[in-house]
Amino acid sequence: MQKEIYFAGGCFWGTEHYFKQIEGVTMTEVGFANGHTENPTYKEVYTDTTGYAETVLVRYRPEVVSLEFLLHMFFMAIDPTSLNKQGHDEGTRYRTGVYYTAPEDLPIIEKVFAEEQEKYATPLAVEKLPLKNFYTAEEYHQDYLDKNPDGYCHLPQSLFAFAKQAREH
């Protein structure tokens, strides 16, 4: 059985590539979550007027990797105190968030958020909401860093290598 969770971690190219490295993740897809228009294009989302966040759908096998582990990995890849900005990318589309579809996931999400909050003096700027909507981004955005190995990414290469080696014990 597979489960799914949605992560907004700034630019979705790097966020997708990062999660693809993790053992137990079976599928990723980049798109736009929790906005207020229908079928948004990248060009529309880029204007920051649609309310969408660049988001990655992550499907995973819970018998291999837990939601708790994925959430901790997510926090390693973001600056959770930065509002609407990750790396050099700024705008509401680059906000960070965890969007869930299964209500039973919320206590796990709450637990990890509480653990992460203890590391910071300022409140986390990471959304924690039910998924309202998700639209798949255009094909050229899917697996972008596989297609364009030298493409722009706000995440360091070392993080991808770390994710590839990371195991839940």
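Just above, that's the structure.
Residues numbered from 1 in each chain as written. Predicted model: local features only at pLDDT ≥ 70, side-chain atom pairs only at ≥ 80, totals over all residues. Heavy atoms only, no water.

(A) View of unusual backbone geometry. The backbone phi angle of Asp48 is positive, close to 65°, even though this residue is not glycine. Summarising the element assignment, Asp48 is placed in the loop between α2 (42–45) and β3 (53–60). Phi angles above zero are rare outside glycine, and Asn84 is one such case at about 55°. For Asn84, the location among the structural elements is in the loop between α3 (67–76) and β4 (85–86). (Helix = DSSP H or I, 4+ residues; strand = E, 2+ residues; numbered from the N terminus.)

(B) How the structure looks around the pattern of salt bridges. According to the stated counting rule, one finds 13 salt bridges in the structure shown. Close ionic contact of Asp143 with Lys20 constitutes a salt bridge, the shortest N to O distance being 2.9 Å. Highlighted residues: Asp143 in the loop between β8 (134–136) and α5 (144–147) and Lys20 in helix α1 (residues 12–20), separated in sequence by 123 residues. In this structure Asp143 comes out as partly exposed when scored by relative accessible area, which is 28%. Overall, the relative accessible area of 28% leaves Lys20 in the partly exposed class. For Lys119, the salt bridge is made with Glu116, and the minimal N-O distance between the two is 3.2 Å. (Salt bridge = Lys/Arg side-chain N within 4 Å of Asp/Glu carboxyl O. Buried < 20%, exposed > 50% of the residue type's maximum accessible area, 1.4 Å probe, protein only.)

(C) Local environment of the environment of Asn39. With respect to the helices, strands and loops of the structure, Asn39 is situated in the loop between β2 (25–33) and α2. Between the alpha carbons of Asn39 and Thr96 there is a distance of 21 Å; along the sequence they are 57 residues apart. Other than its neighbours up to four places away in sequence, Asn39 contacts Glu44 and Tyr135. (Contact = heavy atoms within 4.5 Å.)

(D) Main features of the packing of aromatic side chains. For the coordinates displayed, the defined rule picks out 11 aromatic pairs. On the basis of an interplanar angle of 40° and a centroid distance of 5.8 Å, the ring pair of Phe12 and Phe32 is categorised as tilted. Here Phe12, found in helix α1, pairs with Phe32, found in strand β2; they are 20 residues apart in sequence, far enough to count as distant. Summarising the burial analysis for this pair, Phe12 and Phe32 share the class buried. A network of ring pairs unites the aromatic residues Phe7, Tyr18, Phe19, Phe74, Phe75 and Phe113 as a single cluster. Between the NZ or CZ atom of Arg93 and the centre of the ring of Tyr46, over which it lies, the distance is 3.9 Å. (Phe/Tyr/Trp six-rings, centres within 6.5 Å; stacked < 30°, edge-to-face > 60°. Lys NZ or Arg CZ within 6 Å of the ring centre and 35° of its normal.)

(E) Focus on the environment of Lys3. Positionally, Lys3 belongs in strand β1 (residues 3–9). Sequence-wise, Lys3 and Val25 are 22 residues apart; in three dimensions their C-alpha atoms are separated by 9.6 Å. When residues no more than four places from it in sequence are discounted, the contact partners of Lys3 are Val58, Arg59, Tyr60, Pro62, Glu104 and Asp105. At 2.6 Å, the side chain of Lys3 and the side chain of Asp105 are in polar contact. (Polar contact = N/O pair within 3.5 Å; in protein donor to acceptor, adjacent residues only side chain to side chain.)

(F) Focus on α3. The buried fraction of α3 is high, at seven of 10 residues. Those residues of α3 lying buried are Leu67, Phe69, Leu70, Leu71, Met73, Phe74 and Phe75.

(G) Inspection of the side chain of Thr15 at higher detail. Structurally, Thr15 is set in helix α1. Of note is the side chain of Thr15, whose polar atom sits 3.2 Å from the backbone oxygen of Gly9. At 3.2 Å, the side chain of Thr15 and the backbone oxygen of Cys11 are in polar contact. Beyond its immediate stretch of four places on either side in the chain, Thr15 contacts Phe7, Gly9, Gly10, Val56, His154 and Leu155.

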